[in-house]
Amino acid sequence: MALEHAILVSLSERSGSGYELARRFERSIGLFWNATHQQIYRVLKRMEEAGWVAVDLVEQSGRPDKKMYTVSTAGHAELVRWLAEPDPAATTQELAVKIRGASFGDPAAVAAELTRHRDSHAERLDVYRQIEKRDFPDPAALHGRSLHQYLVLRGGIRVEEGQVEWFTEVRQALRRDADHHTKGTP
């Protein structure tokens, strides 16, 4: 994922200046996608040149005009395209941005992407558990190199368990949300 998509999600939630956007990144999207102020300003310039954002100048007394950015029609189309695009190599951070932006595109496509990632992590978890069972049947008796190997494997197991649980939780929440909207409840 490019920083552009994280910015499109943030600007879809609320338009703002580059400074405001950088502040939002520090407080919210920045929890899972880091970007410096300079990176944000460079990317905003590219996005403006690509036609993904529109810029309105707001006059300020005694200061340079402030640029206010909003997502353009072309930017919205790009966001919808990216949200629906499968990406088997997507990181947890990239998937978090897709989840955050799901309402700006097709939530069902985002849910399908999460299902693919959940299944991949579940397969890896199964392999790790098989290795644990085969190679480390008595963890309490381990020491030295074998203990260190086991501890690394346990770390992998814990990470994969967390990923499977999180993707399952998100998929269930997205389903509830879809059912909620299908029934016509605001």
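Since this is a predicted model, take the numbers as computed values, not measurements.

Student: Tell me what's going on with the layout of surface pockets, and back it up with residues and numbers.
Tutor: Within this model, the largest pocket holds a volume of roughly 160 Å³. Considering the residues around the largest pocket, the lining is formed by Ala96, Ile99, Arg100, Ala102, Ser103, Pro107, Trp166, Val170, Leu174 and Asp177. When residues of the lining of the largest pocket are traced back to their parent elements, those giving at least two are helix H5 (92-101) and helix H7 (144-182). The greatest single-element share of the lining of the largest pocket, amounting to 4 residues, is contributed by H7. Looking at the lining of the largest pocket residue by residue, the class counts come to 7 nonpolar, 1 polar and 2 charged.

Student: Any details on the nonpolar core? Residues and values, ideally.
Tutor: Counting residues in each nonpolar core, the largest one holds 29 residues, and the members touching the most others are Ile7, Phe25 and Ile40. Counting residues per element, the ones that place at least two in this core are helix H1 (3-13), helix H2 (18-27), helix H3 (37-50), helix H4 (73-84), H5, helix H6 (107-135) and H7. At 6 residues, the largest contribution of residues to this core is made by H1. Sequence-distant contacts of Ile7, defined by excluding residues within four places in its chain, comprise Leu21, Phe25, Ile40, Val43, Leu44 and Met47.

Student: Lay out the sheet that holds strand S2 (residues 53-60) in plain terms, naming residues and giving numbers.
Tutor: Pairing within the open sheet is antiparallel, and its 3 strands lie in the order S1-S3-S2. Strand pairing shows two members of the sheet lacking a second neighbour, strand S1 (16-17) and S2, which therefore form its edges. Taken together, the 2 bridges between S1 and strand S3 (residues 63-71) define a ladder with antiparallel strand orientation. Pairing of Ser17 across the sheet is with Met68, part of S3. Strands S2 and S3 of the sheet are contacted by H3, whose axis makes an angle of about 115° with S2.

Student: I'd like to hear about the side chain of Arg24, residue by residue, with values.
Tutor: Relative to the assigned elements, Arg24 resides in helix H2. One buried charged residue, Arg24, forms no salt bridge at all, with the nearest opposite charge on Glu20 at 4.8 Å.

Student: Could you give an account of the UniProt feature "domain: Transcription regulator PadR C-terminal" (unreviewed entry) in the chain, with specific residues and numbers?
Tutor: Within this structure's numbering, the places UniProt gives as "domain: Transcription regulator PadR C-terminal" (unreviewed entry) are residues 94-175. In this annotation, residues 94-175 is assigned 84% helix and 0% strand; the end-to-end C-alpha distance for the span is 20 Å.

Basis of the calculations
- Residues numbered from 1 in each chain as written.
- Predicted model: local features only at pLDDT ≥ 70, side-chain atom pairs only at ≥ 80, totals over all residues.
- Heavy atoms only, no water.
- 1 Å grid on protein atoms, 1.4 Å probe; cavity = no way out; pocket = protein on both sides within 12 Å on 5 of 7 lines; lining within 4 Å.
- Points joined across faces, edges and corners; volume = space filled by probe spheres on them.
- Helix = DSSP H or I, 4+ residues; strand = E, 2+ residues; numbered from the N terminus.
- Nonpolar A, V, L, I, M, F, W, Y, C, P; charged D, E, K, R; others polar.
- Core = buried A, V, L, I, M, F, W, Y, C linked by side-chain atoms within 4.5 Å.
- Buried < 20%, exposed > 50% of the residue type's maximum accessible area, 1.4 Å probe, protein only.
- Contact = heavy atoms within 4.5 Å.
- Pairing = 2+ DSSP bridges.
- Axes fitted to C-alpha atoms, helices over the stretch in contact; angles between N-to-C directions.
- Lys, Arg positive; Asp, Glu negative; His and termini not counted.
- Salt bridge = Lys/Arg side-chain N within 4 Å of Asp/Glu carboxyl O.
- UniProt positions renumbered as here; feature names shortened; annotations may be inferred.

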